[in-house]
Amino acid sequence: MKRISYIIMVALMLTNINNATAQQQLTLEQCREMALQNNVKIKNADLEIEAAQETQKGAFTKRLPTVNAVAAYVKSSDNMLNTDKVGDDIKGNISSAKEQITADMTNKAMQLGAAAQQAAAAGDLAAAQQYQEQLTQLMAQASQLSQMGSAMSEMLSPMLNSMMNGIDITGGPMASLNAMMPLFAGGQINNGNKLADVAIEVKEIQKKQTTDEVLLTTERYYCQLITLIQKMNTINALDSMLQSIEKDVNAALQAKVCLRNDSLQVQLKKNELQNSRIKLENGIELSKMVLAQYIGLETDDFMVDTAMLSPNNLQTPDQLKVDHETALQNRAEFQLLEKKVEASQLQMKMERGKLMPTVAVGGSLVYHKMAFDANTTFGMLYATVSIPISDLWGSTSHDVKKHKLEIQSSQNTQKDLNKMLIIQMQQSYNSLQQVYLQVQLAQRSIEQAKENLEINRNSYRAGMLSVSDLLQAQMLLQKAYDMLTDSLSEYAVALTNYKMITGQN
């Protein structure tokens, strides 16, 4: 048995040394780092975060004033100012004013006349004389005002008609610079900014999910390549053992103590190993190409560290187990559902904000050249208050109710998912324990297969056993080594998966 173990060990060491000296060796950690730098999924996740950050910046600008500039040229089919009878209209206004003044003075004169008559009847001649004098002065003033009004009307009417007929307001250029600053929008702006922040956090959590997936896939490809290489090493070691068996068979055949059939069985076994070697070589080549593409290498001229899958330094499942209830908080799925609930609450607040008044202040600087052929510039300030009325019973109110229902749905989903995640973590731990037991079983199988092969070889040399039984014992040893290699690879992936889903990675 010691001789068989020595042959296998030397063959495996020589194979690893030859490969390592011929090609660059990459560790799992190096492959993980290259995958994080070069993998397309990671790059796309970074781009999605950048896009969410741009959305956040856009949401922040809603807090700032909106500024716009407007330029126009106006052309009317007719004069926008009716100047045909401006003078006549002024003349009519003067005449109306004249009639009103005359009526007022007439009333005043009648009052003074009545007062004079009452004073004379009472025998107060002095007062009657005073009223009479005021009446005379009033009549003189009325006459003067009437004459002045008639003269002004006759003078202004033709002059104003002549002046206004020269004014043509049918259009011209105009421009304005406007700024509007929101003061209150029912919380829509603040909640919109918070929603943009949540979107970034969601993208970062999703990137963490993508990172875990990429790392796990990288390790799976890495372990798959190691598995194939280790199986190739096993084939090489068994081929060396088979050559030793062939020597024994050929010696027995020359001594005529065995049949030709024994030699043929050895040759068939050698052909079988050669066929397995060809399949493994193709598998190794393809696995290298897949791993190289996944981690962003331009070539597959490299080797991996096969010592990684060693049963000597395995962490036991008990060393890694954590409280699954506590680990739940670290799960990306749990965090994403929390963010979904938070986003729904913010969306509901934004819909509620649409039902509240909005207040804004603004200012404008206006320039135009549409009258008197002159440049005119003026500024103005204003405030606006918009009160939604129909939205109180319209679609917006229904949108608020819809978001309330969505929040309840997300909360129900979160409770259900929490239980499922805990079950998933327990299932992953159970699988880890199962594979760990498979590793231990494979180790025991190798020791037993080695001992069985040694016994069969000694029995064959003593002539107590056929060569087919010896080859069968060799095949069992090969299967034991392959089972250990597969179990170690599966355990490494299961270990990484358990660490990831419990937040230990």
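One structure accompanies this document, and this report is about it. Since the model is a prediction, treat every value here as computed from it, not as a measurement.

Brief notes about a positive patch on the surface
Side chains of R63, K194, K349, R352, K401 and K404 sit close together on the surface and give a patch of like positive charge. The set of elements that each furnish at least two residues to the positive patch consists of α10 (332–353) and α11 (395–461). One can find K349 in helix α10. Accessibility expressed as a relative area gives 42% for K349, which makes it partly exposed.

Digging into a nonpolar patch on the surface
A cluster of nonpolar side chains, namely L183, F184, M356 and V361, defines an oily patch on the protein surface of about 340 Å² accessible area. The topology assignment puts F184 in strand β3 (residues 171–184).

Brief notes about the packing of helix α2 (residues 28–38) against helix α6 (residues 188–254)
It is the contact of α2 with α6, at a shortest axis distance of 10 Å, that shows an interaxial angle of 140 degrees. When the interaxial angle is binned, α2 and α6 end up oblique. Taken as a pair, α2 and α6 cross one another with a handedness that is right-handed. Residues L28, C31, R32, A35 and L36 of α2 form the contact with α6, whose participating residues are T211, V214, L215, T218, E219 and Y222. Residue composition of the contact of α2 with α6, by class: seven nonpolar, two polar and two charged.

A look at the packing of α6 against helix α12 (residues 467–501)
Helix-helix packing is described using two parameters, namely the angle between the two axes and the distance between the axes. The interhelical angle for the contact between α6 and α12, taken along N-to-C directions, is 165 degrees, at an axis separation of 10 Å. One element, α6, and the other, α12, form an angle in the roughly antiparallel class. Considering how the two elements wind past one another, α6 and α12 form a crossing that is right-handed. Taken together, the residues of the contact of α6 with α12 sort by class into 17 nonpolar, ten polar and six charged.

Conventions and cut-offs
- Residues numbered from 1 in each chain as written.
- Predicted model: local features only at pLDDT ≥ 70, side-chain atom pairs only at ≥ 80, totals over all residues.
- Heavy atoms only, no water.
- Patch = residues over 30% accessible without salt bridge, like charges linked within 9 Å, V, L, I, M, F, W, Y side chains within 5 Å.
- Areas by Shrake-Rupley, 256 points an atom, 1.4 Å probe, with all protein chains shown as cover.
- Salt bridge = Lys/Arg side-chain N within 4 Å of Asp/Glu carboxyl O.
- Lys, Arg positive; Asp, Glu negative; His and termini not counted.
- Charge placed at Lys NZ, Arg CZ, Asp CG, Glu CD.
- Helix = DSSP H or I, 4+ residues; strand = E, 2+ residues; numbered from the N terminus.
- Buried < 20%, exposed > 50% of the residue type's maximum accessible area, 1.4 Å probe, protein only.
- Axes fitted to C-alpha atoms, helices over the stretch in contact; angles between N-to-C directions.
- Parallel < 35°, antiparallel > 145°, perpendicular 65-115°, else oblique.
- Left-handed = near helix turned anticlockwise from the far one by under 90°.
- Contact = heavy atoms within 4.5 Å.
- Nonpolar A, V, L, I, M, F, W, Y, C, P; charged D, E, K, R; others polar.

None of this, on its own, says anything about what the molecule does.
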